[in-house]
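# Working through the structure, step by step
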Amino acid sequence: MQAGTGGTTVARHPGSDGPGLDAPDLDVVVVGAGFSGLYLLHRLRRLGFSARAYDTAGDVGGTWYWNRYPGARCDIPTTDYAFSFDPELEAEWTWTEKYATQPEILSYLRHVADRFDLRRDIVFDTAVTAARWDDGRHLWEVSTDAGDAVTCRWYVMASGCLSVPKPPDIPGVDRFRGDVYFTGRWPHEGVDFTGRRVAVVGTGSSGIQSIPLIARQAEQVTVFQRTPNFSIPARNGPPPPERLAALAEDREAYRAEARRSRGGMPYEVTEVMGATADEDVRRERLEGAWQRGELFGLTGVFADQNVNRASNALVADMVRDKIRGIVDDPAVAEALCPTTYPVGTKRPCLDTDYYATFNLPHVRLVDLRRQPITSITETGIDTADESFPVDAIVYATGFDAMTGALVGVDITGRDGLTLRDHWSAGPSTYLGLMSEGFPNLFMITGPGSPSVLANMAVAIEQHVEFVTDALADLRAAGYDTIEPTPRAEAGWNQHVADCAAITLLPGTDSWYMGANVPGKPRVFLPYIGGVDRYIDACEEVVGRGYLGFTRSGRAGTTCNDGVVRRMQYDVMLLLEAMDALALPPLETLGAPDARGLWAAMSAMAPPGPDVGDIADGTLPGPTGPLAYRRYRPATPGPHPVLCYFHGGGWMLGDQTADDPLCRDLSVRTDSVVVSVDYRHAPEARFPAAVDDARAALDWVADHAEELGGIPGRVTVGGYSAGANLAAVVAQQARDAGGPHLAAQLLLCPVTDGTTEHPSYVENGEGKMLTAGLMRWFWDSYCDPSDRRDPRASPLLGRLEGLPPTVVVTAEFDPLRDEGVAYAEGLAATGVPVRHVVGRGQAHTSIPMVDVVISGARVRQEAAEALRALADTPMDVATR
Ligand code: NA7
């Protein structure tokens, strides 16, 4: 690997030509000997690095060493929940079930340890308690609870996402004199519940898996449920024949497909939208998910179920109906039905006979929402209404997920910074792999990586390969430290949060959000963009010379700063979908066909939100009537009025073309929106559209009251070329002494007749509005000699005295810079301006209501800014 392409070598390393740095005891120390630790040791050894792993357990296995409770199984099919790095290993191991039991998975991991002779580099029954970075010697000093102290160049936390059980936060928890068990720390010899009265607290996956088996033995089982979970039958049995057949046919292709998939295993991805699908299609898909018994089946019934509440409710209703069909007692069935959060926003479960267990006479459900636990007592559990004497309590109360194990070790990075302090407001990582200030510290499946939302086996293998390949690359290039830059890390955190924000998941109190641990910061912890997208990002980082990392060593110091993902996730998907359609560029079609295509695409868009009422009409234009459509909010009027002009490069569309956007603006700004058509190029060239827009504005202002508006509270606005017209007529209204405008709203406006701005170069290709298309629009609309006329290029007009203005720009828009210039120009002349930056947006994404969900935040910000500005005293600068 070459030193960073495009990177900047800024300094020579102090010891680069000298005797070299202190040699550490080991190249690598690994914490954990589960899936991650085992594969790390194997790969590190093969690459010639010395390595040692520590684990508090007495043997290998990680989560499968500890979680020995009855019924513990994986809930990804075991055909997929296994290592894929060695075809021989795969060939020699045969799983007996679709979802293997904990003992079978543990035997597999023991087999892996034996086969690759890994135990000789693992220290068991030993916890790493502290790790301190020595910045002078470029190494980590690692200490253990056995009193060992060892130095290493690289330190890898392979400590698992769900490995630190959460202490039950229940009053009186230490008082109980009977037997206490934690599902995550189950006795190795097993537990016989025969003849005993057992309480189980917690109904997550561990509770749901164990309760039916505990009920087979115990004399009495009382389940204390705080939040019901969505669970579907696992339908366990032999490994799925279709997956076995696909693996037998082409193992490598199957494994590659897993890595190119959203969840880390091959799975059919549907395009069926729950919100719009026919009833019989819905029914078939819902029943199919219930019958199939796979988690990704439940979370992927409909393409929109994780972003659209109505679609999600279809899936939730299906599970609730099934629960009601299984559980005999309607009151118990209702208590088992999750109703307070969308399905999939807490980790759903797979079960075997879970709901039917509540039909057994000796099993009782206690709904803690109705009768909360007041205290654990010496003899049992007291709720607000009752006392429950029991012989044993099983706590299935979950884990300090994703960060617990990482901050559980006292890790101190550069300048005495501890990881706990660095993450006090929530974890901050680059790619979920590293954190700034902690050189040479890697995390396997850390927060900010797909991890718990994916097939962990695939997530782990990919991380281990990234880390070990990175170490080999560093060694080859003469570096001995690597650390993310603050900018790269902040950019990744933003991307992780942006991806989550599109979905319903951050709205639910779940361990994905850290909500199950009192006092833990609420941050969406895993990366929800998918294994495939995540791997793309990792590959791009490496391909671009370790983008976002600083590397140092005898080769010097190379800082290759940058952000790997700046575009909003849904904008990226939109652009890819448009690419896949391979539509001819509009500018090659001629105006009539371009209009046809434009109209066809507009017709496919979701309708946008409901408004109070919509009416169509005409108003007098300079050469004939102009059609308009009026949107009135459902709230009591009168309302401010927004006179709106549609986008389409002065050539395409009409007063209804931006229907979803106009509805959205009406709702968000609580305004009557009057969308007025105007004459289009090339038939009617500049300044026909301006003249029409001017006449329309005058008419709307004169008729504000009839339109349901407040006289004198008229705003002008538009999108793209429509925003150009809005800006122009606002200047004209100022010059003519009226109409008085409360504000103007310019969404991605054209303000300048040149196509020279840097944003044209950066975003001129591949983002729907291209530089070529924009040139065609200009050429069709306006002679080159007219383009410096302020009626074409309002940026060149006089900006003083314009009404308060909201300018919205999109980061990936050829028009971005002229929008920015207009906002800056207005502000420089004292016009009150709010510049709303559509971070990660493209020109066409901001108005795509209910298609690009991230655009809603931008429109909301613009609407709030408009309300705030329009409410400022008007004698400031309006004439
Ligand atoms: P989970 O999924 O975190 O479930 C823990 C359960 O314990 C959940 O029902 C909690 O209710 C409940 N809980 C936690 N604290 C309390 C208190 N104080 N009182 C009553 N109930 C409580 O952990 P699991 O071990 O089941 O599963 C973890 C993951 O492991 C699983 O998703 C798979 O990925 C494998 P709450 O929902 O917080 O109201």
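Description of the structure in this document. (Residues numbered from 1 in each chain as written. Predicted model: local features only at pLDDT ≥ 70, side-chain atom pairs only at ≥ 80, totals over all residues. Heavy atoms only, no water.)

## Re the overall build of the chain
Going by this rule: Counting from the N terminus, the helices are DSSP H or I runs at least four residues long and the strands are E runs at least two residues long. Relative accessibility decides the category of a residue: with a 1.4 Å probe and only protein chains considered, values under 20% of the type maximum give buried, values over 50% give exposed, and everything between is partly exposed. In this description, contact between two residues means that some pair of their heavy atoms is separated by no more than 4.5 Å. Values of accessible area rely on a 1.4 Å probe in the Shrake-Rupley scheme; residue burial ignores everything except the protein chains shown.
Counting secondary structure elements, the chain contains 26 helices and 30 strands. Taking the principal axes of its C-alpha atoms as reference, the chain extends roughly 90 × 80 × 55 Å. When each of the 879 residues of the chain is scored for burial, the buried share is 60%. In the chain, of all internal contacts separated by at least 6 residues, the share reaching a separation of at least 24 is 74%. Total accessible area on the chain is roughly 32900 Å²; 51% of this is exposed by carbon and sulfur atoms.

## Description of the nonpolar core
Rules: Here, the term nonpolar core denotes a set of buried Ala, Val, Leu, Ile, Met, Phe, Trp, Tyr and Cys residues that are joined through side-chain atoms within 4.5 Å.
Residues V28, F35, Y81, I105, Y108, L431 and W492 are the most contacted members of the largest nonpolar core, which totals 92 residues. In this structure, Y108 is in contact with F35, A82, F83, L89, W93 and W95, ignoring residues within four places of it in sequence. Ranked by size, the runner-up nonpolar core spans 62 residues in total, among them A591, L652, A792 and L795.

## Considerations on the sheet that holds strand β13 (residues 363–367)
This is how it is decided: Following DSSP output, two strands are said to pair if at least two bridges run between them. Interaxial angle, 0 to 180 degrees, is taken between N-to-C directions of lines fitted to C-alpha atoms, where a helix line uses only the stretch in contact.
Taken together, the 5 strands give an open sheet; going across it, the order is β8-β17-β9-β10-β13, and neighbouring strands pair in parallel fashion. Looking at strand neighbours, the two that pair on one side only are β8 (179–182) and β13, the edges of this open sheet. Strand-to-strand twist of the sheet, defined as the mean angle between neighbouring strand axes without regard to direction, takes the value 20 degrees. Strand direction decides the pairing type here: strand β10 (residues 220–225) and β13, joined by 5 bridges, are parallel. In the sheet register, Q225 faces β13, and the bridge partner there is D367.

## Quick look at the pairing of strand β5 (residues 128–134)
Direction of pairing for β5 relative to strand β6 (residues 139–144): antiparallel, over a ladder of 6 bridges. Across the sheet, R132 pairs through a bridge with E141, a residue of β6. In this structure, β5 lies alongside strand β18 (residues 410–412), joined through 3 bridges in parallel fashion. Its bridge partner lying in β18, A131 is registered against I411.

## Regarding the packing of aromatic side chains
Rules: What counts as a ring pair is set by centres within 6.5 Å for rings of Phe, Tyr and Trp (its six-membered ring), and what kind of pair is set by the plane angle: stacked under 30 degrees, edge-to-face over 60, tilted for all other angles. We call a charge positioned above a ring when the Lys NZ or Arg CZ atom is no farther than 6 Å from the ring centre and deviates by at most 35 degrees from the ring normal.
This structure, assessed with the given rule, holds 38 aromatic pairs. Residues F85 and F116 carry aromatic rings whose centres are separated by 5.6 Å and whose planes lie at 45 degrees to one another, so their mutual orientation is tilted. Of this pair, F85 sits in the loop between α2 (63–66) and α3 (87–92) while F116 is found in the loop between α4 (102–115) and β4 (122–123), placing the two residues 31 residues apart along the sequence. For the pair Y354 and F358, a centre-to-centre distance of 5.2 Å together with 85 degrees between the ring planes defines the contact as edge-to-face. By relative accessible area, which is 7% here, F358 ends up buried. Three or more aromatic residues joined by ring pairs form one cluster here, namely F35, Y39, W64, Y81, F83, F85, W93, W95, Y108 and F116. Above the plane of the ring of W66 lies R185, whose end atom (NZ or CZ) is 4.1 Å from the centre. For K346, the ring lying beneath its charged end belongs to Y341, and the centroid distance is 5.6 Å.

## Focus on the site of the ligand
Keep this limit in mind: We call a residue near a molecule or strand when any one of its heavy atoms sits within 4 Å of it. Only Asp, Glu, Lys and Arg are considered charged, only Ala, Val, Leu, Ile, Met, Phe, Trp, Tyr, Cys and Pro nonpolar, and every remaining residue, Gly among them, polar.
As a structural note, the neighbourhood of the ligand is formed by 20 residues, with D169, S206, R226, T227 and K346 the closest of them. For the ligand, the protein covers 88% of the area, taking 770 Å² as the surface of the free molecule. Looking at the shell around the ligand residue by residue, the classes come out as 7 nonpolar, 8 polar and 5 charged.

## Focus on the pattern of salt bridges
Going by this rule: Between Lys or Arg on one side and Asp or Glu on the other, a salt bridge is scored when a side-chain nitrogen of the former is within 4 Å of a carboxyl oxygen of the latter.
Counted under the stated rule, the structure contains 64 salt bridges. Among the salt bridges present, the one from E294 reaches R243, with a minimum N-O distance of 3.2 Å. Remark: R243 occurs in helix α6 (residues 241–249) and E294 occurs in the loop between α8 (279–292) and α9 (295–299); sequence separation between them is 51 residues. By relative accessible area, which is 2% here, E294 ends up buried. Between R324 and D321 there is a salt bridge, with its nearest N and O atoms 3.2 Å apart. Of the two residues, R324 and D321 both sit in helix α10 (residues 309–326), 3 residues apart, roughly one turn of that helix. Judged by its relative accessible area of 48%, D321 is partly exposed.

## Quick look at the sheet that holds strand β25 (residues 639–645)
Overall, mixed pairing links the 8 strands, which are arranged β23-β24-β26-β25-β27-β28-β29-β30 in an open sheet. The sheet is open, and its two borders are formed by β23 (613–621) and β30 (833–842), each paired with just one other strand. Ignoring strand direction, the axes of neighbouring strands in this sheet form an average angle of 20 degrees. Along the sheet, helix α21 (residues 688–702) contacts β23, β24 (624–632), β25, β26 (672–676) and β27 (709–719); its crossing angle with β25, the most-contacted strand, is approximately 170 degrees.

## Digging into unusual backbone geometry
The omega torsion across A681 and P682 is 0 degrees, close enough to zero to call that bond cis. Locating P682 in the fold gives a position in the loop between β26 and α21. Note the cis peptide between G738 and P739, where omega equals 0 degrees. In this fold, P739 is placed in the loop between α22 (721–736) and β28 (743–747). Positive phi values are uncommon outside glycine, yet S720 reaches one of about 60 degrees. If you trace the backbone, S720 turns up in the loop between β27 and α22.

## Considerations on the environment of F686
Within the secondary structure, F686 is located in the loop between β26 and α21. Taking the C-alpha atoms as reference points, F686 and D786, 100 residues apart in sequence, are found 8.2 Å from one another. Among residues more than four places away in sequence, those in contact with F686 are Y781, C782, D786, D789, R791 and A792.

## As for the packing of helix α1 (residues 35–46) against helix α15 (residues 456–477)
Just so we agree on the cut-off: By convention, the crossing between two helices is left-handed when the near helix turns anticlockwise from the far helix through less than a right angle, and right-handed when the turn is clockwise.
Closest axis-to-axis distance for the α1/α15 pair is 10 Å, and the angle between their directions is 35 degrees. Two packed elements cross with a definite hand, and for α1 against α15 that hand is right-handed. Between α1 and α15, the contacting residues are F35, S36, Y39, L40, R43 and L44 on the first element and I460, E461, V464, E465, T468, D469 and L471 on the second. Of the residues in the contact of α1 with α15, the class split is 7 nonpolar, 2 polar and 4 charged.

## Things to note about α22
Quick reminder of the rule: An expected span of 1.5 Å times one less than the residue number is assigned to each helix.
Compared with the 22 Å implied by 1.5 Å per residue over 16 residues, the 22 Å span of α22 between its first and last C-alpha is a close match. With 14 of its 16 residues buried, α22 lies for the most part within the structure. Positive phi appears at G737, one or two residues downstream of α22, with a value of about 75 degrees.

## Quick word on helix α5 (residues 205–217)
Note the threshold: A residue's bend is the angle separating two fitted axes: one through the seven residues that end there, the other through the seven that start there.
Along α5, the helix axis deviates most sharply at I211, where the bend reaches about 35 degrees; the proline P212 sits within four residues downstream. Those residues of α5 that fall on the buried side of the exposure criterion are S206, G207, I208, Q209, S210, I211, P212, I214 and A215.

## A word on the state of the cysteines
What counts, and what does not: Disulfide assignment relies on a single distance test, namely cysteine sulfur atoms paired within 2.5 Å.
Considering all chains together, one arrives at 0 disulfides under this definition. With no disulfide partner, C643 has as its closest neighbouring cysteine sulfur the one in C662, 11 Å distant. A relative accessible area of 0% places C643 in the buried class.

## A short note on the side chain of T270
In this fold, T270 is placed in the loop between α7 (251–259) and α8. For T270, the residues in contact, after removing those within four places along its chain, are R285, G300, V301, F302 and A303.

## Some details on the environment of S231
Applied cut-off: In protein, a polar contact requires one atom able to donate a hydrogen and another able to accept it; more generally it is a pair of N or O atoms within 3.5 Å, and residues adjacent in sequence count only if both atoms are side-chain atoms.
Inspection of the secondary structure assignment puts S231 in strand β11 (residues 231–233). With 429 residues separating them in the primary sequence, S231 and P660 have C-alpha atoms 37 Å apart. For S231, the contacting residues outside a window of four places in its chain are I208, W290, V319, C349, L350, D351 and Y355. Reaching out from S231, the side chain makes a polar contact with the backbone oxygen of C349 at a distance of 3.2 Å.

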